[in-house]
Amino acid sequence: MARITVSIGSNIDRGHHVRTCLDALETAFGALAISRVFESEPVGFEDGRNFYNLVVAFDSDWPVGDLQAWCKRLEDANGRRKDSPKFSPRTLDIDLLTVGDLTGRHDGVELPRDEILHHAFVLLPMAELLPDARHPVVSERYDALWSRFDAEGQRLWPVDFTWAGRTISRAD
């Protein structure tokens, strides 16, 4: 069994798609550890719609390729268009961040995902959710990585968010 982390993002009907994703993850994998939900300004997008972003952790013994395929099927089921330009609005974006301590290319997926170290909307939720865990390549704790991260130009803030009768996050 490996600890899996995924990032979830949406900037079209954000609350609905994030909740649908959490429902599907819980159904497929059981208990979830969930970061706060953050609203963030789009990075690299011409469309100015803000995103909801969060990180979720769960345990699974699925192979990397099966995890990746499951995430892409869920995106498709939620209306993600594969023919859309790279930096266009999206209903649901699910990215496999880590699979245990795996590094390198596995089933066509590069692990850990490079975004962890470069985007505040991934690193901050990861640091809050798993502060003591270590990045599999740089071997530093996520909270330490966040404490040194230059988030200039990557504004994000926690939002009020409930799922399945639980408060996941509150705006500061």
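Within any chain, residue numbers begin from 1 and follow the written order of that chain's sequence. For a predicted model such as this one, the threshold for reporting local features is a pLDDT of at least 70, and the threshold for listing and counting side-chain atom pairs is 80 or more; totals across whole chains, interfaces and linings nevertheless cover every residue. Excluded from the side-chain calculation are hydrogens and water; included are all heavy atoms of the structure.

1. Some remarks on the pattern of salt bridges
Working step 1: Any carboxyl oxygen of Asp or Glu within 4 Å of a side-chain nitrogen of Lys or Arg constitutes a salt bridge here. The tally for this structure, following the rule as stated, stands at 13 salt bridges.
Working step 2: Here R113 ties to E115 by a salt bridge, and the two come within 3.4 Å at their closest N and O atoms.
Working step 3: Close ionic contact of E140 with R148 constitutes a salt bridge, the shortest N to O distance being 2.4 Å.
Working step 4: E140 gets classed as partly exposed once you look at its relative accessible area, which sits at 28%.
Working step 5: Taken together, the salt bridges that share partners define one network made up of K72, E75, D95, R113 and E115. Any residue under 20% of the maximum accessible area for its type is buried, any over 50% is exposed, and the rest in between are partly exposed; the area is computed with a 1.4 Å probe on protein chains only.

2. Brief notes about the packing of helix α1 (residues 14–29) against helix α2 (residues 64–77)
Working step 1: Each axis is a line fitted through C-alpha atoms, taken for helices only over the stretch in contact, and angles between the N-to-C directions span 0 to 180 degrees. Only DSSP runs of H or I with at least four residues qualify as helices, and only runs of E with at least two residues qualify as strands; both kinds are numbered from the N terminus onward. Between α1 and α2, the least distance of the axes is 11 Å, while the angle of their chain directions is 145°. As α1 runs across α2, the sense of the crossing is right-handed. Across from C21, A24, L25, A28 and F29 in α1, the residues of α2 making contact are L67, W70 and L74.
Working step 2: Here the nonpolar group is Ala, Val, Leu, Ile, Met, Phe, Trp, Tyr, Cys and Pro; Asp, Glu, Lys and Arg are the charged ones; every other residue, Gly included, is treated as polar. Considering only residue class, the contact of α1 with α2 consists of eight nonpolar, no polar and no charged. If you view the pair so one helix is near and one far, a crossing is left-handed when the near helix is turned anticlockwise from the far one by less than a right angle, and right-handed when it is turned clockwise. Contacts are residue-level and defined by heavy atoms, with any inter-residue pair within 4.5 Å sufficient.

3. Comments concerning the packing of aromatic side chains
Working step 1: Here a pair means two rings of Phe, Tyr or Trp (six-membered ring of Trp) with centres within 6.5 Å. Their orientation is stacked below 30 degrees between planes, edge-to-face above 60, and tilted elsewhere. One pass over the structure, following the stated rule, counts five aromatic pairs.
Working step 2: The interplanar angle of 25° and the centroid separation of 4.3 Å between the aromatic rings of F29 and F58 together place this pair among those described as stacked. With F29 in helix α1 and F58 in strand β4 (residues 51–60), this residue pair connects regions lying 29 residues apart in the sequence.
Working step 3: Its relative accessible area of 12% is what places F29 among the buried residues.
Working step 4: One aromatic cluster is present, built from ring pairs that chain together F29, F58, W62 and W70.
Working step 5: Both a distance and an angle decide whether a charge sits over a ring: NZ of Lys or CZ of Arg must be within 6 Å of the ring centre and within 35 degrees of the ring normal. The residue whose ring lies beneath R14 is Y52, and the NZ or CZ to ring-centre distance is 4.1 Å.

4. What about the environment of I8?
Working step 1: Within the secondary structure layout, I8 lies in strand β1 (residues 2–10).
Working step 2: Overall, I8 belongs to the buried group, its relative accessible area being 2%.
Working step 3: Through-space distance from the C-alpha of I8 to that of S35 is 10 Å; in sequence the pair is 27 residues apart.
Working step 4: The contact partners of I8, leaving out residues within four places of it in the chain, are V18, C21, L22, L25, Y52, N53, L54, V56, L92 and D93.

5. Things to note about the nonpolar core
Working step 1: In this structure, V6, I8, L22, L25, V56, F58 and L96 are the most contacted members of the largest nonpolar core, which totals 32 residues.
Working step 2: Secondary structure elements with two or more residues in this core: β1, α1, β4, α2, β5 (93–99), β7 (109–111) and β9 (161–163).
Working step 3: At six residues, α1 tops the list of elements feeding residues into this core.
Working step 4: Sequence-distant contacts of V56, defined by excluding residues within four places in its chain, comprise I4, T5, V6, I8, L22, L25, L32, A33, I34 and L129.
Working step 5: Nonpolar cores are built from buried Ala, Val, Leu, Ile, Met, Phe, Trp, Tyr and Cys residues. Side-chain atoms within 4.5 Å join them into one set. In terms of nonpolar packing, the next biggest core, distinct from the first, is built from 18 residues, L97, L123, M126 and L129 among them.

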